[in-house]
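Structural overview for review
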Amino acid sequence: MNVILEGPDGSGKTTLAHILTQHVPLVYTPGRGPEQYPGEIIERAYRYLRMDNCLFDRHPIISQPIYGRFRPGATQIPQDLINMLYRQKPLIIYCHGRAGAHEVKEYDTAEHVTMIHNYDDDIRAAYEEWANSYAKLRYRVGDEVDPIIQAVKEFCRAK
């Protein structure tokens, strides 16, 4: 049983994760940013697929195909891994992004920051398209969090 917070950079995933971990018994797994070396994102995907009872602040099987559209030479996530994730039936919460909301993190490369700047609108549009098919809940910075907390608690109890 896993919960995934997914959305573009600066969409409130980490803030929401910290709130949720105060209310549900899930292990917080922070985002790790772009691929660190060739093949690392696939290793991370397999590792995340083996994890259980986690609250993921971004999942590479979701984010890599979206960001990879805008990152030349990005490693592609194999379809069988994508299928494995969705067969696990995680609760996916889509966090809406705001234009220009990215905050530079210690693992962000200059190339990543430039890509975010150049493709911000396109990345947010790609996430919206994905969320229409896969997200069970939606969150926007400033929204009331109690309904999200209750939904995650119910999900945890049901599993």
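Residues numbered from 1 in each chain as written. Predicted model: local features only at pLDDT ≥ 70, side-chain atom pairs only at ≥ 80, totals over all residues. Heavy atoms only, no water.

This part takes up the confidence of the model for the protein. When pLDDT is averaged across the protein, the result is 92; 99% of the residues are at 70 or more. Ranking the elements of the protein by mean pLDDT puts helix α5 (residues 110-134) last with 91 and strand β1 (residues 3-6) first with 98. (pLDDT = per-residue confidence, 0-100. Helix = DSSP H or I, 4+ residues; strand = E, 2+ residues; numbered from the N terminus.)

Bringing the sheet that holds strand β5 (residues 137-139) into the picture now. Spatially, five strands are ordered β2-β3-β1-β4-β5 in an open sheet, and the strand pairing comes out parallel. Here the strands that pair on one side only, and so sit at the sheet edges, are β2 (27-29) and β5. Each adjacent strand pair in this sheet contributes to an overall mean axis angle of 20°, direction not counted. For β1 and strand β3 (residues 54-57), the ladder comprises three bridges, and the chain directions are parallel. For Val3, the partnering residue across the bridge sits in β3 and is Leu55. Sheet strands in contact with helix α1 (residues 13-20) are β1, β2, β3, β4 (91-95) and β5, and its direction is about 150° off that of β1. (Pairing = 2+ DSSP bridges. Axes fitted to C-alpha atoms, helices over the stretch in contact; angles between N-to-C directions. Contact = heavy atoms within 4.5 Å.)

Here the focus is the packing of aromatic side chains. Going through the model one piece at a time under the given rule, you end up with eight aromatic pairs. Between the aromatic rings of Tyr86 and Tyr134, the centroid separation amounts to 4.2 Å while the plane-to-plane angle is 15°, which identifies the pairing as stacked. On the criterion of sequence distance, the pair formed by Tyr86 in helix α4 (residues 79-87) and Tyr134 in helix α5 is long-range, its members being 48 residues apart. A relative accessible area of 21% places Tyr86 in the partly exposed class. When its relative accessible area of 35% is taken as the criterion, Tyr134 is described as partly exposed. Taken together, a centroid distance of 6.3 Å and an interplanar angle of 25° make the contact between Tyr94 and Tyr127 stacked. Separated by 33 residues along the polypeptide, Tyr94 in strand β4 and Tyr127 in helix α5 bring together distant segments of the chain. Look at Tyr127 and you get buried, because its relative accessible area is 0%. Each residue in the set Tyr67, Tyr86, Tyr94, Tyr127, Trp130 and Tyr134 is aromatic and connected to the rest through ring pairs, giving one cluster. (Phe/Tyr/Trp six-rings, centres within 6.5 Å; stacked < 30°, edge-to-face > 60°. Buried < 20%, exposed > 50% of the residue type's maximum accessible area, 1.4 Å probe, protein only.)

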